[in-house]
Amino acid sequence: MNFNLQPVLENDLCVLHPLEEKYFDALYEVASDPKIWEQHPNKDRWKKEVFEKFFEGAIQSKGAFKITDKETGKAIGSTRFYDYSAEDDCVFIGYTFYAVSCWGTGFNLSVKKTMLDYLFNYVSKVRFHIGAENVRSQIAISRLGAQKIAEEEVAYFGEKPKLNFVYEIEKKNWK
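Structural notes, computed from the coordinates. (Residues numbered from 1 in each chain as written. Predicted model: local features only at pLDDT ≥ 70, side-chain atom pairs only at ≥ 80, totals over all residues. Heavy atoms only, no water.)

## Remarks on the packing of helix α1 (residues 24–31) against helix α2 (residues 48–61)
At step 1: Packing of α1 against α2 brings their axes to within 11 Å, and their N-to-C directions diverge by 125°. With respect to each other, α1 and α2 are oriented oblique. Helix-helix and strand crossings are classified by hand; for α1 and α2 the assignment is right-handed. Here α1 contributes Phe24, Leu27, Tyr28 and Ala31 to the contact with α2, which in turn contributes Lys48, Phe51, Glu52 and Phe55.
At step 2: Class assignment of the residues belonging to the contact of α1 with α2 gives a composition of six nonpolar, no polar and two charged. (Axes fitted to C-alpha atoms, helices over the stretch in contact; angles between N-to-C directions. Helix = DSSP H or I, 4+ residues; strand = E, 2+ residues; numbered from the N terminus. Parallel < 35°, antiparallel > 145°, perpendicular 65-115°, else oblique. Left-handed = near helix turned anticlockwise from the far one by under 90°. Contact = heavy atoms within 4.5 Å. Nonpolar A, V, L, I, M, F, W, Y, C, P; charged D, E, K, R; others polar.)

See below:
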């Protein structure tokens, strides 16, 4: 691999810090809201024991981030890079969640743009697994120009496989 899957990334609204064990409590404080998970493949991630597995998978991925609001300094969510493929010249962005207070405020758009700007220095395609029931995320990713290219069962860390849609943005189409 010719790039870092956990750089510090920053934009006008927030900072993405490489995920560390010490961030568990701050992220669980955000993730403990059941509303966040209503459309996600695993609707129980708000439960501490379920979130612990999710967080463990994030740490083990070595591509996960804590997202911090620059204005308040508080954790507002998490996301990650994963499944880099040199053969396909592609990497995935996913496992993303935000505090409900951040929904519709531009945080997701700014984070995704920052991540894509970084990744397109190294790969020609970025893909996203989005739960089949997660209409909110499907709309958001379509607004960035991603196209649905497939449907597949995805087994998240420590969880049963669930139907996901695969979306893709190609570097040549990135603004």
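Here the narrative resumes.
## Brief notes about the environment of Lys66
At step 1: Residue placement: Lys66 occurs in strand β3 (residues 64–69).
At step 2: C-alpha separation for the pair Lys66 and Arg80, spaced 14 residues apart in sequence, amounts to 8.9 Å.

## A word on the packing of aromatic side chains
The description of two aromatic rings rests on the distance between their centres and on the angle between their planes.
At step 1: For the structure on display, the rule yields 20 aromatic pairs.
At step 2: Where Phe24 meets Phe51, the ring centres are 5.6 Å apart and the plane angle is 45°; that geometry is what we call tilted. You can see Phe24 sitting in helix α1 and its partner Phe51 sitting in helix α2, a full 27 residues away along the chain. Both residues of the pair, Phe24 and Phe51, belong to the buried class.
At step 3: Each member of the aromatic cluster is reached from another via a ring pair, and the members are Phe24, Tyr28, Trp37, Phe51, Phe54, Phe55, Tyr82, Phe92, Tyr95 and Phe97.
At step 4: Sitting over the ring of Phe54, Arg80 keeps its end group 5.4 Å from the ring centre. (Phe/Tyr/Trp six-rings, centres within 6.5 Å; stacked < 30°, edge-to-face > 60°. Buried < 20%, exposed > 50% of the residue type's maximum accessible area, 1.4 Å probe, protein only. Lys NZ or Arg CZ within 6 Å of the ring centre and 35° of its normal.)

## Thoughts on helix α3 (residues 107–119)
At step 1: The end-to-end C-alpha separation of α3 is 18 Å, in line with the 18 Å expected for 13 residues at 1.5 Å each.
At step 2: By the burial criterion, the buried members of α3 are Phe107, Ser110, Val111, Lys112, Thr114, Met115, Leu116, Tyr118 and Leu119. (Expected span 1.5 Å × (residues − 1).)

## Notes on the pairing of β3
Regular strands show a simple pattern: their side chains alternate between the two faces of the sheet.
At step 1: Within β3, six of the six residues are buried, which leaves it mostly tucked inside the rest of the structure.
At step 2: A two-sided burial pattern is seen for β3, the buried positions comprising Ala64, Lys66 and Thr68 on one face and Phe65, Ile67 and Asp69 on the other.
At step 3: As paired elements, strand β2 (residues 14–18) and β3 share five bridges and run antiparallel to each other. Bridge pairing links Cys14 to Asp69 in β3.
At step 4: Hairpin connection, β3 to strand β4 (residues 75–85): the antiparallel pair is bridged by five residues, and Gly73 has positive phi, about 75°. (Pairing = 2+ DSSP bridges.)

## Concerning the side chain of Thr79
At step 1: Within the secondary structure layout, Thr79 lies in strand β4.
At step 2: What Thr79 contacts, discounting residues up to four positions off in sequence, is Leu16, Gly63, Ala64, Phe65, Ile67, Ile93, Gly94, Tyr95, Thr96, Val111 and Met115.

## Considerations on the nonpolar core
At step 1: One finds Phe51, Phe81, Phe97, Leu116, Leu119, Val126 and Phe128 to be the most contacted residues of the largest nonpolar core, which totals 54 residues.
At step 2: Among residues more than four places away in sequence, those in contact with Phe81 are Leu5, Pro7, Leu9, Gly63, Phe65, Val91, Phe92, Ile93, Met115, Tyr118 and Leu119. (Core = buried A, V, L, I, M, F, W, Y, C linked by side-chain atoms within 4.5 Å.)

Fair warning: the whole summary comes from geometry, so function is off the table for now.
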